[in-house]
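Residues per chain are reported as follows:
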Amino acid sequence: MRDTTAVLGYAWPLVVSPGETVTFHLSSPTLDAAQARIVRVRCADPDPDGPGLKLSEPGSAIDGRVALRDQPIHPGSAAIIADRPALTAASLAAGCFIYPTAPLAGAQTVMSRWRADLGQGWRLGLDQAGHLVFEAASAAGTATITSARPVLEREWVFVGASYDAASGVITLIQRSLDSAGGRDSSSVTTGQAPVGLAWPTETALVFAAHALEGGADPLTGGHFDGKIDRPRLFREPLSEETLRRACETLAPSPADPTLVGAWDFSQEMASDRVRDLSTNRLDGQLRHMPMRAIAGANWDGSVVQWTERPELYGAIHFHSDDMADCGWQPDLTLDVPSDWRSGFYALKLTAREDSDDPVESYVSFFVRAPLGQAKAKLALVATTATFLAYANSALRLDQVHAEAMLEGVIALSRDDVYIQEHRELGLSTYDTHSDGSGWCYSTAKRPILNMRPLGNTFNYVNDTHIIDWLEELGFDHDVITDCDIDRHGAQLLEAYDCVITPSHPEYYSRNMIDAFDAYQRGGGRHIYLGGNGFYWRIAWHPTEPFQMEIRRGMSGLRTWEGEPGENGLSFTGEPSGLWRTHGRPPQRLVGVGFDAQVFTRSYPYEWLEDARDPRVAWLVEGVDLAKPLGDFGLRGGGAAGLEVDRVEPTLGSPPHLLRLATADRLDYGGVPTLEELRTLHRGTMGDQNALVRADIAFFPTAAGGAVFATGSIAWCCALTCNGYDNSVSRVTGNVLRRFLDPAPFEGFDD
């Protein structure tokens, strides 16, 4: 058995052009060295029933021995304000609104200027029982006071604390914002601390954690799970009323000589900065990308998008397990040769090759065709948004219904076990944080175990079967990436006569949808060889490439949903959710759209009468229409399975579309998507529901273009069966050859 986790790493940037540089950041807690080789990935699937792992070695300057070191990951988000003279006042009053989401998860810090290594400073937080606590300490002594009642989970509460250096009096305020229905946990507690406590120097002010050490960018601990809204800091003690009024106001007076800092988290929503409204300009830096565009304590339901009234979205949701950037030091740097072909690439790392437990690990990256310099007429789109959305998915581990959904006992891989034990890698947008809220961001600055050869057989691995098939049949092609389509639009697609979107292009930004729409309107030929495509609306970070965001909203097949009013994307201000609910269902783009999942087995298609239309004789040439199509495949034994799409005119399937074949007998394992259900009854499953099916569709578009769609994730895993000589391969080849023929497709208006 191969050890795929003894050494891990990530490539940055994730996508490069020939002539550009990519760095590899590696870590191993057990190995001091490994052999490194760059490989070009043709097939990443080791399934012995398929073509097997196919990797070629182009030869690179970094091939050879690489020294390794252990580079720990420190998860947990926080806002960090480097030490400044304004923060050093002896007396203080600190306040904010908090919405704890895991108050019993352990001691947590909400606001602090505290050095854990010295045990000195001040911190406002929660103890292990969920009681608000204020601690002040220096070499002169220590004092701690605790609220009478614990805070409630997922209830807004105003919290504050003060210290009078002259008298030593300390005060702790906890005031429930909704005191009705047994929710009142309010209390005011006072105590006595030593007078004249002196705070440690070079100590950062931290929100949602405290510093473990000195310096402007310290390691942090005591991470808070929950929302923080409108934190304020003053240089003298204040009454509860004055402090709360200061926290409630959206525009504190910068002329107030006692005001140290007033932070407005509604500003620069897409950035990793937090802005201070005071004259001190104590702006801070966010670490590990906590969730922004969050409804604050003053959100009243009058709007549901943060762009409508940003002042109601002045909160940030911090998580103790947020992880956006491992921050590992680089170990290898590759200048990608200018003559390398575009494609899926990886750094292969091996060790202990003569042992019973050899190490074989991969770090994936993508070499795209140079922008504006197409090398082929055909392009395959690498779906990096989908790869990131599923990155390090713990779905099979955490979801209680996982085995029921798969109708079988789950066999865990070595990668699954590693993720279970190492949540510090950061999970996927299908998973939930330790406090139960959903992961809405995903980044590439971390090892991604299911986006590499030998990884989970979904998405990345499945897509490489298309590459293998193209190589085997001799179809010259470029690889381009969806994140580049987002940035460069239709002009990136227009360089190609035909574009293939692979097995699961599920996550699409508006720029990406618009680019494909423009490409098709301009005569481009689009082959969609997958299922569940063009489904969720996402955004890419405006300045940090390869970071994506999704809000699950309250519709669609989802594993979590956000809180009310929080469906707006912080990166762009757009609404998130299903493209279907935004008037852009996938049927309008590719003729078919997601309707069901079926993980029990996969099925063959049956040809329909439209397949005998003489206008598509070229498509079925050499195919026996009396026989099932795709009664074989590597995923469940058929070409129609996993997640499937159907033609649906009411959602925009073109009127002159030809529905060529269908797999409409998916048994009870065929489960409709949630947005397909209007009411509940026994006949919703695939054995009784005619709307649960996979359809193959073809239609001509404007300017001589056309679209062909298979509506099934399992399709691409049937291409290589029987030595690439099979009906699925034949149909795909027929379509591809015709789509690369410049002769225009005539409309079907007659």
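Described in the following lines is the structure provided in the data block. Note that this is a predicted model, so its numbers are computed, not measured. (Residues numbered from 1 in each chain as written. Predicted model: local features only at pLDDT ≥ 70, side-chain atom pairs only at ≥ 80, totals over all residues. Heavy atoms only, no water.)

Some details on the overall build of the protein chain
Put simply, the test is: Secondary structure is summarised from DSSP: a helix means a run of H or I of at least four residues, a strand means a run of E of at least two, and numbering begins at the N terminus for each. For the radius of gyration, the atoms used are the C-alpha atoms, and the globule rule reads 2.2 Å times the number of residues raised to 0.38. Any residue under 20% of the maximum accessible area for its type is buried, any over 50% is exposed, and the rest in between are partly exposed; the area is computed with a 1.4 Å probe on protein chains only. Contacts are residue-level and defined by heavy atoms, with any inter-residue pair within 4.5 Å sufficient. The Shrake-Rupley method, run with a 1.4 Å probe sphere, supplies the accessible areas, and residue values consider only the shown protein chains as cover. A positive count includes Lys and Arg, and a negative count includes Asp and Glu. His and the chain ends are not counted in either. Lysine's charge is taken at NZ, arginine's at CZ, aspartate's at CG and glutamate's at CD.
Assigned secondary structure in the protein chain consists of 11 helices and 44 strands. Radius of gyration (C-alpha) of the protein chain: 28 Å, near the 27 Å computed for a compact globule of 750 residues. Structurally, the protein chain occupies a C-alpha span of about 95 × 60 × 45 Å along its principal axes. Counting all 750 residues of the protein chain, 62% fall into the buried class. Pairs at least 24 residues apart make up 73% of the contacts formed inside the protein chain by residues separated by at least 6 positions. A total of about 26500 Å² of accessible surface is found on the protein chain, and carbon and sulfur atoms cover 49% of it. With 64 positive and 98 negative side-chain charges, the protein chain shows a spacing of 2 Å between the two charge centroids.

Here we look at the environment of Pro-742
Tracing the backbone shows Pro-742 in the segment after α11 (727-740). Each C-alpha atom, one on Pro-742 and one on Arg-525, is 9.9 Å from the other, the two residues being 217 residues apart in sequence.

Quick look at the packing of aromatic side chains
Note on aromatic pairs: each is described by the distance of the centres and the angle between the planes. For the record, the criterion: The aromatic pairing rule takes the rings of Phe, Tyr and Trp, using the six-membered ring of Trp, and pairs them if the centres are within 6.5 Å, calling planes under 30 degrees apart stacked, those over 60 edge-to-face and the rest tilted. In our convention, an over-ring charge means Lys NZ or Arg CZ found within 6 Å of a ring centre and within 35 degrees of that ring's normal.
The full count for this structure, using the stated rule, is 35 aromatic pairs. Ring geometry for Tyr-535 against Trp-536: centres 5.4 Å apart, planes inclined by 80°, an arrangement best described as edge-to-face. Given the relative accessible area of 4%, Tyr-535 is considered buried. Its relative accessible area of 0% is what places Trp-536 among the buried residues. Ring-pair connections join several aromatic residues into one group, and the members of that group are Phe-24, Trp-340, Tyr-345 and Phe-365. Geometry around Tyr-99 places Lys-227 over its ring, the cationic atom sitting 4.4 Å from the centre. The side chain of Arg-738 reaches across the aromatic face of Phe-745, ending 3.9 Å from its centre.

Examining the environment of Ile-527
Of note, Ile-527 is situated in strand β33 (residues 525-528). Residues Ile-527 and Val-735, 208 residues apart in the sequence, show an inter-C-alpha distance of 8.2 Å. When neighbours within four sequence positions are excluded, Ile-527 is seen to be in contact with Cys-498, Val-499, Ile-500, Thr-501, Phe-708, Val-735, Leu-736 and Phe-739.

Comments concerning the state of the cysteines
Operational definition: What counts as a disulfide here is a pair of cysteine sulfur atoms lying within 2.5 Å.
By the definition in use, this model includes 0 disulfides. For the unlinked cysteine Cys-43, the closest cysteine sulfur is that of Cys-717, found at 8.8 Å. On the basis of relative accessible area, Cys-43 is assigned to the buried category, the value being 0%. Of all cysteine sulfurs, the one in Cys-247 lies closest to Cys-96, which takes part in no disulfide; the gap is 6.7 Å. Overall, the relative accessible area of 0% leaves Cys-96 in the buried class.

Considerations on the side chain of Ser-112
This is how it is decided: In the analysis that follows, any N or O atom pair within 3.5 Å is treated as a polar contact, provided that within protein one partner can donate a hydrogen and the other can accept it, and provided that, for residues neighboring in sequence, both atoms belong to side chains.
Among the secondary structure elements, Ser-112 is positioned in strand β9 (residues 108-115). Polar side-chain contacts of Ser-112 include one of 2.8 Å to the backbone oxygen of Ala-209. With residues near it in sequence (within four places) discarded, Ser-112 still touches Trp-122, Arg-123, Ala-204, Leu-205, Val-206, Ala-209 and His-210.

Describing the packing of helix α6 (residues 460-473) against α11
Here is the rule: Inter-axis angles, ranging from 0 to 180 degrees, are taken between N-to-C directions of lines fitted to C-alpha atoms, where helices are fitted over the stretch in contact. Our angle categories are set so that under 35 degrees counts as roughly parallel, over 145 as roughly antiparallel, 65 to 115 as roughly perpendicular, and the remainder as oblique. When residues are grouped by polarity, Ala, Val, Leu, Ile, Met, Phe, Trp, Tyr, Cys and Pro land in nonpolar, Asp, Glu, Lys and Arg in charged, and all others, Gly among them, in polar.
Relative orientation of the contacting elements α6 and α11 amounts to 70°, with a least axis distance of 12 Å. By the angle between their directions, the pair α6 and α11 is classed as roughly perpendicular. From α6, Trp-469, Leu-470 and Leu-473 reach across to α11, where they touch Ser-729, Thr-732, Gly-733 and Leu-736. Of the residues assigned to the contact of α6 with α11, the class counts are 4 nonpolar, 3 polar and no charged.

Re the sheet that holds strand β32 (residues 507-508)
Each strand in a sheet pairs with another by means of backbone hydrogen bonds, the pair being arranged parallel or else antiparallel. Here is the rule we go by: Paired strands, as defined in this entry, are two strands with at least two bridges between them according to DSSP.
The strand order across the open sheet formed by 3 strands is β32-β34-β37, and the pairing between neighbours is mixed. The open sheet has two free edges, formed respectively by β32 and β37 (577-578), since each of these has just one partner strand. The pairing of β32 with strand β34 (residues 536-537) spans 2 bridges and is classified as parallel. Looking at β34, one finds that Tyr-507 is bridged to Trp-536.

Things to note about the pattern of salt bridges
Rules: By definition, a salt bridge exists where a carboxyl oxygen of Asp or Glu is found within 4 Å of a side-chain nitrogen of Lys or Arg.
Here the structure, examined in full by the defined rule, presents 52 salt bridges. Note that Lys-54 and Asp-468 form a salt bridge whose closest N and O atoms lie 3.1 Å from each other. With Lys-54 in strand β5 (residues 54-56) and Asp-468 in helix α6, this residue pair connects regions lying 414 residues apart in the sequence. Here Arg-693 ties to Asp-695 by a salt bridge, and the two come within 2.8 Å at their closest N and O atoms. Residues participating in the shared-partner salt-bridge network are Glu-153, Arg-154, Lys-227, Glu-563 and Glu-566.

Description of the sheet that holds strand β1 (residues 8-12)
Taken in spatial order, the 3 strands make up an open sheet running β1-β3-β25, and their pairing is antiparallel. Each end of this open sheet is capped by a strand with a single partner; those strands are β1 and β25 (332-335). Across the sheet, the mean angle from the axis of one strand to that of its neighbour is 20°, orientation sign disregarded. Here strand β3 (residues 21-27) runs beside β25; their pairing, made up of 4 bridges, is antiparallel. If you follow Thr-21 over to β25, its bridge partner there is Asp-335.

Thoughts on the nonpolar core
Operational definition: Buried Ala, Val, Leu, Ile, Met, Phe, Trp, Tyr and Cys residues form a nonpolar core when they are joined through side-chain atoms within 4.5 Å.
Among the nonpolar cores identified, the biggest contains 123 residues, and Phe-698 and Phe-708 are the most heavily contacted of them. Among all residues touching Phe-708, those that are not within four sequence positions of it are His-526, Ile-527, Tyr-528, Leu-529, Leu-619, Leu-660, Ile-696, Ala-697, Phe-698, Val-731, Val-735 and Phe-739. By size, the runner-up hydrophobic cluster in this structure holds 43 residues, among which are Ala-143, Val-157, Ala-193 and Val-274.

So, helix α9 (residues 510-521)
For clarity, the cut-off: Helices are assigned an expected span. That span is 1.5 Å times one less than the residue count. Arc, as used here, means the arc of the directions from the helix axis to the C-beta atoms.
A rise of 1.5 Å per residue sets the reference length of α9, with its 12 residues, at 16 Å; its end C-alpha atoms lie 16 Å apart and thus fit the reference within 8%. Among the residues of α9, Met-512, Ile-513, Ala-515, Phe-516, Tyr-519 and Gln-520 are the ones counted as buried. The arc that holds the buried residues of α9, viewed along the axis, is 160°, so those residues lie on one side.

Comments concerning the pairing of strand β40 (residues 640-647)
By the criterion of burial, β40 is predominantly enclosed, with 8 of the 8 residues buried. Summarising the sheet, strand β38 (residues 592-603) and β40 pair through 7 bridges and their orientation is antiparallel. The partner of Gln-597 across the bridge, within β40, is Glu-643.

Some details on unusual backbone geometry
With omega at 0°, the peptide bond leading from Trp-12 into Pro-13 counts as cis. Along the chain, the position of Pro-13 falls in the loop between β1 and β2 (15-16). Even without glycine at this site, Arg-281 takes up a positive phi of about 50°. Topologically, Arg-281 is positioned in the loop between β21 (273-276) and β22 (284-287).

Structural notes on the side chain of Ser-278
Its location among the elements puts Ser-278 in the loop between β21 and β22. What makes Ser-278 buried here is its relative accessible area of 0%. A distance of 3.1 Å separates a polar atom in the side chain of Ser-278 from the backbone oxygen of Val-260. Separated by 3.1 Å, the side chain of Ser-278 and the backbone nitrogen of Asn-280 make a polar contact. Other than its neighbours up to four places away in sequence, Ser-278 contacts Leu-259, Val-260, Gly-261 and Ala-262.

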